[in-house]
Amino acid sequence: MSTQLTTPTDRGSAETLARGKGEPEWLVALRGEAAELAGTIAWPKPEKVRIERWNLTAVGAYEKPAAASALTELPANVQELVAEGTENLLIQRNSGVVWQQLSDELKNKGVIFTDLETACREHSDLVKPYLFQAVKMDEDKLTALNAALWNGGVFVYVPKNVEVELPLQAIMYNDNASATFAPHILLVADTNSRVTYVDCVVSDKSKVDGEFVHPSIVEVFVKPGALVRYGTVHSLAQGGVDMTLRRAVVENDGRVEWIVGDLNEGHTLSDTKSVMQGQGSTSDVKVISVGTNAQQMSLTTRAVHFGKSSDSNMITRAVMKDTASAIINGITKIEHGATKANGVQTERVLMLSPKARGDANPILLIDEDDVTAGHAASVGQVNPEQVYYLMARGISRQDAERLIIHGFLAPVVSEISVEAVRNQLQRLLERKLEG
Amino acid sequence: MATHFVIDGLKAEIEGKEILKGINLEIKGGEIHAIMGPNGTGKSTLASALMGHPKYEVTGGSATLDGEDLLEMETDERARAGLFLAMQYPSEIPGVTNSDFLRSAINARREEGNEISLIKFIRQMEGKMKELEMNPEFAHRYLNEGFSGGEKKRNEILQMMLLDPKIVVLDEIDSGLDIDALRIVANGVNAMRSEERGFLIITHYQRLLNYITPDFVHVMMQGRIVKSGGPELAQRLENEGYDWVKEELGIVDETVGQA
Ligand SMILES: Nc1ncnc2c1ncn2[C@@H]1O[C@H](COP(=O)(O)OP(=O)(O)OP(=O)(O)O)[C@@H](O)[C@H]1O
Ligand SMILES: [Mg+2]
């Protein structure tokens, strides 16, 4: 059990740790400031979910893992996530990165794909202008905590006009609940570039039995005309609290596509936001989730439109079993001046047990007249007529319900254009639904 | 053993209201029975009660297929025992492709580990779809979602053909079908006629029975079979309507609302 309340969220220990890791002075200073902030500001307050009742203090202690010399050293459930034949792979274990590789081809094109700690040392000119700019570290205790504690992490930089065809893949896993596990992912896609990044955030469930927190931040910068596809699947152990903020800032004619699979066993705060800063910028978000046991989740998607003719689409679909509960928020905000913007969102919840709870809260906040926007939300049980129809063809009740549940998620899953994400999501979904 | 389906004194209610008031019917392998009757007289209720729709409660009587008590079984067991119901209003199931559904239904009849091979399944499905002149894209569409009325009916027949049941109940399979589709569906049914299989065809119109000649025709009113005869009975109903039957039997209101 790791429930220490202070370490390393006080200025002194945060700075000492940062220096010990050889971080540049600017980062040491940031760590110190963030640690102090973390002690003073409040946790985020998502709608109708009281996260302060979760164990948010089990941040653990820094534990630098030894580098892996071969992928076969990794736990089986991590190995199976590695996309076959991939040359672009980064793996984080607990507090540090243990594996990274990038093809020569991409290196030669100037693509950077490395852990964020290394990037802060070797590419600070590229990192500094972006780190904690999409997410400010003083927003709340979570952002400050991540700023003070983050370790390992990912930095992706794709230069102008470079197209990365195959997905860059990262796997973050923990196998020790008392080790700090707080990645920060920073992705910068320069003008007219294209990149697909996919990650899996998982626990080695045979080893993790204590409580832990996974405070994670993702920042994505989409420069003019760039396209970023970001796929992420989370499957952390039951003792974990996953708090992940994702944010993209999209410039003129840029596009971000988020695919999020929230399949943790434990409490989850997932907040994915696209800020359409530029004219003609677009965003597409798909979130899939399955809640089981007494899990509580707050799943939020946000689109903020500043750019004229910007466009956003957000879809969340969740299946809730047992006594799980999910509050699902979709917030489309169209700022004054964002003429011809279009924002649509859908939240759907399928409840498999009378004790499960699912709330869908679609919110449109519109400060401009010349726009289009729409939302749809539904919360419902499995339709008994459908079950009857399938059973009337000889299919057992259990299989009928399984088909209907898959059918509920399939229209979103099947639209996922990145095959690696689709397959991983499918596999982890299967496992969680059967569980 | 030759197929033998017996309904004896079947009573059923929905939301506390008795609809079926004692149905007796016997269907042997090779026979085709037609049930006709005005709207709201309990025809679909009979079909649903036999299949085990959760809203209907059987309050009396029995239904056996080859000596097995169907009413004791869950809906899926009844289906696997050999009962097939082509529904008047088939459900739409978003996200489940027709072919995934059909394969699940076939595999539900097979031992675990002995599932139908994908190739064999596709060959069978495509063969039957061709017979029914269905566009192959219907295999990949979500089950009944957005299907037109006639397309749904054709899809019901496709299921019947692939599942090889012993007793087939067709509830208004002809409604919503255009003239060509009617012929195609009727051909599908006729191709399935065999000594091992019995049919119960619920319909309002003679036009289906022009293609599929029944051995027996029954008229349902007030939740009962009030008259039975041969194919000529259907012909007379088509020509003259139901008034003469009502008159003959002294029925004023044929719907089940009346005692
Ligand atoms: N949920 C329900 N609650 C109350 N009455 C119902 C319900 N469902 C059906 N009924 C009634 O049961 C009676 C028989 O209906 P059924 O669908 O069996 O008729 P039908 O003979 O198939 O008619 P049609 O020819 O129009 O298809 C009708 O009066 C109908 O209104
Ligand atoms: Mg009917």
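Residues numbered from 1 in each chain as written. Chains lettered and ligands numbered in written order. Predicted model: local features only at pLDDT ≥ 70, side-chain atom pairs only at ≥ 80, totals over all residues. Heavy atoms only, no water.

**Student:** What is the right way to look at empty space enclosed by the protein in this model?
**Tutor:** The gaps of empty space that remain are located by a probe, the size of a water molecule, rolled over the atoms. Residue and element names in this part refer to chain A. Counted by the stated rule, this structure contains 1 cavity of 30 Å³ or more. One number sums up the size of the largest cavity: a volume of about 50 Å³. Lining the largest cavity we find 13 residues, and of these Ile185, Asp199, Val201, Ser216 and His234 sit closest to its centre. When contributions to the lining of the largest cavity are tallied by element, the ones reaching two or more residues are β7 (194-203), β8 (212-222), β9 (227-235) and β10 (240-250). Residue classes in the lining of the largest cavity are distributed as 6 nonpolar, 5 polar and 2 charged. (1 Å grid on protein atoms, 1.4 Å probe; cavity = no way out; pocket = protein on both sides within 12 Å on 5 of 7 lines; lining within 4 Å. Points joined across faces, edges and corners; volume = space filled by probe spheres on them. Helix = DSSP H or I, 4+ residues; strand = E, 2+ residues; numbered from the N terminus. Nonpolar A, V, L, I, M, F, W, Y, C, P; charged D, E, K, R; others polar.)

**Student:** Explain the nonpolar core to me, please; I cannot follow it from the model alone.
**Tutor:** Among soluble globular proteins, nonpolar side chains are generally buried collectively. Ranked by size, the top nonpolar core spans 114 residues in total, and within it Leu390 and Leu409 of chain A together with Leu10, Leu46, Ile157, Met160 and Leu170 of chain B carry the most contacts. Per element, the largest residue contribution to this core is 8 residues, and it comes from helix α9 (residues 397-413) of chain A. In terms of nonpolar packing, the next biggest core, distinct from the first, is built from 47 residues, Ala34, Ala35, Trp54 and Tyr130 of chain A among them. (Core = buried A, V, L, I, M, F, W, Y, C linked by side-chain atoms within 4.5 Å. Buried < 20%, exposed > 50% of the residue type's maximum accessible area, 1.4 Å probe, protein only.)

**Student:** Is there a simple way to think about the site of ligand 1 in this case?
**Tutor:** Residue and element names in this part refer to chain B. Near ligand 1, the surroundings consist of 15 residues, among which Gly40, Lys43, Ser44, Thr45 and His204 are the closest. One of the backbone nitrogen or oxygen atoms of Gly40 is found 2.9 Å away from an oxygen atom of ligand 1. The separation between an oxygen atom of ligand 1 and a polar main-chain atom of Ser44 is 2.8 Å. Top contributing element to the shell around ligand 1 by residue count: helix α1 (residues 43-51), with 3 residues. Its residues placed into classes, the shell around ligand 1 shows 3 nonpolar, 8 polar and 4 charged. (Near = heavy atom within 4 Å. Polar contact = N/O pair within 3.5 Å; in protein donor to acceptor, adjacent residues only side chain to side chain.)

**Student:** Would you explain the UniProt feature "domain: SUF system FeS cluster assembly SufBD N-terminal" (unreviewed entry) in chain A in this entry?
**Tutor:** Those places that UniProt annotates as "domain: SUF system FeS cluster assembly SufBD N-terminal" (unreviewed entry) correspond, in this numbering, to residues 97-169 of chain A. Secondary structure content for residues 97-169 of chain A is 34% helix and 21% strand, and the end C-alpha separation is 13 Å. (UniProt positions renumbered as here; feature names shortened; annotations may be inferred.)

**Student:** Explain the confidence of the model for chain A here, please?
**Tutor:** Caution applies to low-pLDDT regions: their predicted coordinates should not be interpreted in detail. Averaged over chain A, the pLDDT score is 94; the fraction of residues at 70 or greater is 98%. In the model, residues 1-8 of chain A has pLDDT below 50 throughout and makes 21 contacts with residues more than four positions away in sequence or in other chains. (pLDDT = per-residue confidence, 0-100. Contact = heavy atoms within 4.5 Å.)

**Student:** Please clarify how the sheet that holds strand β4 (residues 56-65) of chain B should be interpreted in this entry.
**Tutor:** Adjacent strands of a sheet form backbone hydrogen bonds with each other and so pair up, either parallel or antiparallel. Residue and element names in this part refer to chain B. Strand order in the open sheet made by the 4 strands is β2-β1-β4-β5, with antiparallel pairing throughout. A single partner strand is all that each edge strand has here, and the edge strands are β2 (17-28) and β5 (68-69). The pairing of strand β1 (residues 4-14) with β2 spans 9 bridges and is classified as antiparallel. If you follow His4 over to β2, its bridge partner there is Lys28. Against the sheet, α1 touches β1, β2 and β4, its axis set at about 105 degrees to β1. (Pairing = 2+ DSSP bridges. Axes fitted to C-alpha atoms, helices over the stretch in contact; angles between N-to-C directions.)

**Student:** Would you explain the UniProt feature "domain: SUF system FeS cluster assembly SufBD core" (unreviewed entry) in chain A in this entry?
**Tutor:** Under the UniProt annotation, "domain: SUF system FeS cluster assembly SufBD core" (unreviewed entry) lies at residues 176-408 of chain A. With 9% helix and 58% strand, residues 176-408 of chain A has end C-alpha atoms that lie 35 Å from one another.

**Student:** Sorry, what's going on with the interface of chain B and chain A here?
**Tutor:** Often, the extent of an interface is quoted as the loss of accessible area on bringing the components together. At the interface, 32 residues of chain B touch 19 residues of chain A. A buried area of about 2,000 Å², summed over both sides, lies between chain B and chain A, and 63% of it is on carbon and sulfur atoms. Inspection of the region where chain B meets chain A yields 2 salt bridges. For Arg397 of chain A, the salt bridge identified is with Glu74 of chain B, shortest N-O distance 3.8 Å. The interface formed by chain B and chain A holds 11 residue pairs in polar contact (both at pLDDT 80 or more) in total. (Buried area = accessible area lost by both parts, 1.4 Å probe. Salt bridge = Lys/Arg side-chain N within 4 Å of Asp/Glu carboxyl O.)

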